[in-house]
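Commentary on secondary and tertiary structure
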Amino acid sequence: MTNQSTIPNDATIIYASLDQLYLHDLNPRQNVAQEEVETLADSIKTCGLLQNLGGIQDDDGKIGIVSGGRRLRALAHLAETHPDFEGASSIPVLLARDLEQAEFWANAENTAREALDPADEIRAYGRMAATNADAEAIASAFGVTVAHVKGRLKLANLPDAALDALKAKTINLSAAQKMTTAQDEKLVLEALQAIAEGRLSNVSQLDHFLHPKAAKATDRRAVFVGVAAYEAGGGKITRDLFSEDVFFEDQDVLDEVFAAQLAEAAEQVRVTDGWAWVETHSEAYLGWNFIEDNKFARVYPVEGVLSDDQMERYEDLCEMADSDVLNADGEEELTSLQVILEGTFTDAHIAHAGCVVYVDQSGDLKVEAGLIRPEDKKPAIAAGVLQTSAHGSGDDKAPKNPYSQKLRDDLDAIKLAALQNAMLDQPDLLLDLLAFQLSGATGFRDVFDVSLGTPSNTPSVEAGFEIDKRLSKPGVSPADAWGVDLKKAFASFKKKGPKHRAAELTRHLAKLLTSGDAVFHEVLSEKAGADIRKVWTPTAENLFKRVAGPMLETIYCDLLDLAPTSAEAKAFAKLKKAEKAKTLEDLFSDQTKQKLLGVTAAQKARIEAWVPDYYD
């Protein structure tokens, strides 16, 4: 029961009955939760008393326990609840020679005790589980909760190298938990090597490292397809035991099932709505480029007209919706009125036009309807469905813009955000600009939105976009300030001092900045040191999936100094557009991929500074 080599020369062990023992005032654990006592009692009942108690004997023969107060309570609990418990009659107690030694023991045990290292816990619980012990038995033996044991057992099948790394603090528990999702032990070992070499420093990067060919359940294809259909197609699923993350391990299978289900959805649209033709589009966007590249003409629904009573009701419902007081019946009524206003396609439209069916970034099915193919334009014009263009059909058309309007709006917002971000460090320049505009020198070209609006500085796709928190922190809204005692509020504001006033002026002036016009924007950007890449990093989602494939090939070759005829460039050109977009995203954000591609210092600098030629 006790390692005799650890017993002091002047201390002895005796065996006492429970009625001889009491909790001494020196014992630090005067108050212990009953749950802890019962948990420890279960452990003692299962494994016996694994450690003696420590105490000092009184003149009357009673022994005051100075170390082991929880054990004493647990033994008392067992004696009370289990009449057949035999361990209460012969309890090992190490006796102190005097009060000074007893006090030393009391303090030493309770300050030196350390929790079992997680790696040691995992191995110990795993060994017991291997003998067919269940979680309840393991919890009882170690004096911990069943939930704690179950959490540790989820890690018991990790390779020894991973547990060694956890023990050595090379990885933390979160990283170890991520490693349980790996399909191949080799990937875990490679991840450990990458962490040791400093190539992998962020736990969030482990998912991509351990599942290089997987898509997460949040991927639009996975959302649209669902687990059941994917598995029915032969795909394999991995679930993270410690989170809700789900990995679709075989993207080829996911692509096949996605294409099949999208085709089924398109056929359903054709049968239900009766369009002359229906096509599918594999990407998440259907922008200006797609319409222009395919030379589609377009027809639009014939807008409906609401009666006076319906229009009044519509306005009331909209007001209630804006105030978040609209119930489910009201929402349904509002939707029906909106459908009337948006209008419907006529039978003639449907007979000559078609639609494109695709899945958006959220995994929702979308239908872009009313498109007329080039070969169907003449019949549509003859039927009066499509009007002859008022413009000539010569060769003097403006070149196609490779950026959709939505993407152009996003890039403009990012450009403004970069300037606003830089202006946070230029308070004097902001005040100069404010005085400049207030003097009337800017005419109708506002440098600031002095109506206290909020110029758009956030793109619709926020992936890879991050601005200074001062620009996103809201000010006091007029509604919040309604009824406030302005005298007190202003006194409180002044009390915060000039430094606070300057910070608030700087923050809000930066948020109001619009920059005037394009030329002046460049002047301000140069003065403030604005850098678009400080607030935005190109990703597949925010840029590369939204432009045409040939542009991606040009970007890839320019960044890596590749000739279009080189083997590397040709290999990239053969990739699907989504693969090209992901490859470019990795080139911008994955240092491991950069090393594999042999990116030079000059190329890396070019990548870190690159912005779309839209800004040129």
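Here is a short report on the structure shown in this document. Keep in mind that this is a model prediction, so the values were computed, not measured.

1. Some remarks on the overall build of the protein
- Scanning the protein from terminus to terminus reveals 30 helices and twelve strands.
- Buried positions account for 38% of the 616 residues belonging to the protein.
- Of the contacts formed within the protein by residues at least 6 apart in sequence, a portion of 73% connects residues at least 24 apart.
- Summed over all atoms, the accessible surface of the protein reaches about 35200 Å², with 51% contributed by carbon and sulfur.

2. Examining the environment of V547
- With respect to the helices, strands and loops of the structure, V547 is situated in the loop between helix 25 (518-528) and helix 26 (549-560).
- The spatial distance from the C-alpha of V547 to the C-alpha of W288 is 10.0 Å, given a sequence separation of 259 residues.

3. Considering the pairing of strand 3 (residues 53-57)
- In terms of burial, strand 3 is a largely internal element, four of the five residues being buried.
- By the bridge criterion, four bridges tie strand 3 to strand 4 (residues 63-67) in an arrangement that is antiparallel. Within strand 4, the residue paired with G55 across the bridge is I65.
- Counting the residues in the hairpin turn of strand 3 and strand 4 gives five residues, including G61, whose phi is positive at 90°.

4. Things to note about helix 2 (residues 69-81)
- The end-to-end C-alpha distance of helix 2 is 18 Å, a good match for the 18 Å that 13 residues give at a rise of 1.5 Å each.
- Looking only at helix 2, the buried set comprises G69, R71, L72, A74, L75, H77 and L78.

5. Some remarks on the packing of aromatic side chains
- Counted by the stated rule, this structure contains nine aromatic pairs.
- Between F544 and W610, the ring centres sit 6.4 Å apart and the planes meet at 35°, which makes this aromatic pair tilted. Pair noted here: F544 is in the loop between helix 25 and helix 26 and W610 is in the segment after helix 30 (601-609), with a separation of 66 residues, a long-range link.
- Here F588 and W610 contribute two aromatic rings whose centre-to-centre distance is 5.6 Å and whose plane-to-plane angle is 65°, an arrangement assigned as edge-to-face. Of this pair, F588 sits in helix 28 (residues 577-589) while W610 sits in the segment after helix 30, placing them 22 residues apart in sequence.
- Residue class for F588 comes out buried when judged on its relative accessible area of 9%.

6. As for the pattern of salt bridges
- According to the stated counting rule, one finds 25 salt bridges in the structure shown.
- For the salt bridge of D245 with K216, the shortest nitrogen-to-oxygen distance reads 3.7 Å. In this pair, D245 is assigned in the loop between strand 7 (237-239) and strand 8 (246-248) and K216 in strand 6 (residues 215-216), connecting sequence segments 29 residues apart.
- Taking relative accessible area as the criterion, D245 reaches 23% and is therefore assigned partly exposed.

7. Thoughts on the sheet that holds strand 11 (residues 354-359)
- Taken in spatial order, the four strands line up as 9-11-12-10 in an open sheet, and their pairing is mixed. Of all strands in the sheet, those with a lone pairing partner are strand 9 (277-280) and strand 10 (297-298), marking the two edges.
- One ladder, built from two bridges, connects strand 10 with strand 12 (residues 365-372); its direction is antiparallel. When the sheet's bridge partners are listed, R298 is paired in strand 12 with L371.
- Its contacts with the sheet place helix 13 (residues 251-273) against strand 9, strand 11 and strand 12, and it is angled at close to 145° to strand 11.

8. Re unusual backbone geometry
- In this model, K295 sits at a positive phi of 55°, which is unusual for a non-glycine residue.
- Relative to the helices and strands, K295 is located in the loop between helix 14 (288-293) and strand 10.
- Positive phi, close to 60°, is recorded for D324, a residue that is not glycine.
- You can see D324 is positioned in the loop between helix 15 (308-322) and helix 16 (328-342).
- We classify D324 as exposed; its relative accessible area is 71%.

9. Thoughts on the environment of I14
- Within the fold, I14 resides in strand 1 (residues 12-16).
- Considering only alpha carbons, one finds I14 and S90, 76 residues apart in sequence, at a separation of 8.9 Å.
- Not counting chain neighbours up to four residues away, the residues in contact with I14 comprise I63, I91, P92, V93 and L95.

10. Regarding the packing of helix 15 against helix 16
- In contact at an axis separation of 10 Å, helix 15 and helix 16 are set at 125° when each is read in the N-to-C sense. Taken as axis vectors, helix 15 and helix 16 run oblique relative to one another. Read as a crossing pair, helix 15 and helix 16 show a hand that is left-handed. For the pair helix 15 and helix 16, the contacting residues are Q310, M311, R313, Y314, L317, C318 and A321 in the first and G330, E333, L334, L337, Q338, I340 and L341 in the second.

11. Remarks on a negative patch on the surface
- Where like charges cluster on the molecular surface, the negative patch consists of D308, D309, E312, E315, D316, E319, D322 and D324.
- By secondary structure assignment, the location of E315 is in helix 15.

12. Things to note about the nonpolar core
- In this structure, I414, M423, W536, F544, L559, L584 and L587 are the most contacted members of the largest nonpolar core, which totals 47 residues.
- Elements with a minimum of two residues in this core: helix 19 (405-423), helix 20 (427-438), helix 24 (497-512), helix 25, helix 26, helix 27 (567-573) and helix 28.
- The greatest single-element share of this core, amounting to eight residues, is contributed by helix 19.
- Residues within four places of L587 in sequence aside, it is in contact with Y556, L559, L560, Q594, L597, V599 and I607.
- Judged by nonpolar contacts, the second largest core, of 29 residues, contains V246, V257, A265 and A297.

13. Things to note about the pairing of strand 4
- In terms of residue burial, strand 4 counts as a mostly covered element, since five of its five residues are buried.
- Relative to strand 4, strand 2 (residues 21-23) runs parallel, the two being bridged by three bridges. The partner of L21 across the bridge, within strand 4, is I63.

14. Some words on the packing of helix 26 against helix 28
- Where helix 26 contacts helix 28, the two axes come as close as 10 Å, and the packing angle between them is 30°. Here helix 26 is positioned roughly parallel relative to helix 28, judged by the angle of their axes. Like other packed secondary-structure pairs, helix 26 and helix 28 cross with a definite hand, here left-handed. For the pair helix 26 and helix 28, contact is made by G549, L552, E553, I555, Y556, L559 and L560 and by K577, K580, A581, T583, L584, L587 and F588, respectively.
- Taken together, the residues of the contact of helix 26 with helix 28 break down into nine nonpolar, two polar and three charged.

Cut-offs applied
Residues numbered from 1 in each chain as written. Predicted model: local features only at pLDDT ≥ 70, side-chain atom pairs only at ≥ 80, totals over all residues. Heavy atoms only, no water. Helix = DSSP H or I, 4+ residues; strand = E, 2+ residues; numbered from the N terminus. Buried < 20%, exposed > 50% of the residue type's maximum accessible area, 1.4 Å probe, protein only. Contact = heavy atoms within 4.5 Å. Areas by Shrake-Rupley, 256 points an atom, 1.4 Å probe, with all protein chains shown as cover. Pairing = 2+ DSSP bridges. Expected span 1.5 Å × (residues − 1). Phe/Tyr/Trp six-rings, centres within 6.5 Å; stacked < 30°, edge-to-face > 60°. Salt bridge = Lys/Arg side-chain N within 4 Å of Asp/Glu carboxyl O. Axes fitted to C-alpha atoms, helices over the stretch in contact; angles between N-to-C directions. Parallel < 35°, antiparallel > 145°, perpendicular 65-115°, else oblique. Left-handed = near helix turned anticlockwise from the far one by under 90°. Patch = residues over 30% accessible without salt bridge, like charges linked within 9 Å, V, L, I, M, F, W, Y side chains within 5 Å. Lys, Arg positive; Asp, Glu negative; His and termini not counted. Charge placed at Lys NZ, Arg CZ, Asp CG, Glu CD. Core = buried A, V, L, I, M, F, W, Y, C linked by side-chain atoms within 4.5 Å. Nonpolar A, V, L, I, M, F, W, Y, C, P; charged D, E, K, R; others polar.

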